[in-house]
Amino acid sequence: MTISLDKVDRQLLDWLQRDASLSLSELAEHVNLTTTPCWKRLKRLEESGILQKRVALLDPEALGLSFTAFVHIKTSDHSEAWYRKFVDAVTPFPEVMECYRMAGEYDYMMKVQVADMGAYDRFYKKLVNSIEGLTNVTSTFAMEPLKYTTALPL
């Protein structure tokens, strides 16, 4: 379902992306509405699926999870059955922050967040032993995050 977003909707979403802990009255004030119309807009945005979740962003380094790996995967099996098995195998790994089916040289790419190289090695071994049909698993490691955001450009 696609809905049309006006300027106020975009402002609401922008404020929520900056700080999802803002109260309804604070949000309403930021977009020059009273609380009832603001609440109705938020409800509509949630029901449409545009506003999916309101979450807290944690500092990986403060939690001892500062090692970021990008895992590039190739497979020779591109069947629907293999795809389903792959998704079912990867989804439960808490270390996998993001996973994408790709076009280009690699078939899949994952962002993995762990404590250190030892933790990554344990993850890697679990990964390759739980999924049959991988023909190449290549990892690259982030040295320093230069930009990180969850905010979409509105």
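Shown above is the structure to which this text applies.
About the criteria used
- Residues numbered from 1 in each chain as written.
- Predicted model: local features only at pLDDT ≥ 70, side-chain atom pairs only at ≥ 80, totals over all residues.
- Heavy atoms only, no water.
- Salt bridge = Lys/Arg side-chain N within 4 Å of Asp/Glu carboxyl O.
- Helix = DSSP H or I, 4+ residues; strand = E, 2+ residues; numbered from the N terminus.
- Pairing = 2+ DSSP bridges.
- Axes fitted to C-alpha atoms, helices over the stretch in contact; angles between N-to-C directions.
- Contact = heavy atoms within 4.5 Å.

Attention now goes to the pattern of salt bridges. One pass over the full model with this rule turns up nine salt bridges. The residue Asp-9 makes a salt bridge to Arg-44 at a minimum N-O spacing of 2.8 Å. Placement of the pair is Asp-9 in helix H1 (residues 7-18) and Arg-44 in helix H3 (residues 35-48), with a sequence separation of 35 residues. Through salt bridges with shared partners, a single ionic network connects Asp-6, Asp-9, Arg-41 and Arg-44.

A word on the sheet that holds strand S2 (residues 96-101). Within the open sheet, the four strands sit side by side as S2-S3-S1-S4. Their pairing is antiparallel. Looking along the sheet, the strands with just one partner apiece sit at the ends: S2 and strand S4 (134-141). With strand direction ignored, the average angle separating the axes of adjacent strands in the sheet is 20°. Contacts between helix H5 (residues 117-130) and the sheet are confined to strand S1 (67-75), S2, strand S3 (108-114) and S4, with S1 contributing the most and set at about 20° to the helix.

The analysis is restricted to geometry; functional conclusions fall outside its scope.
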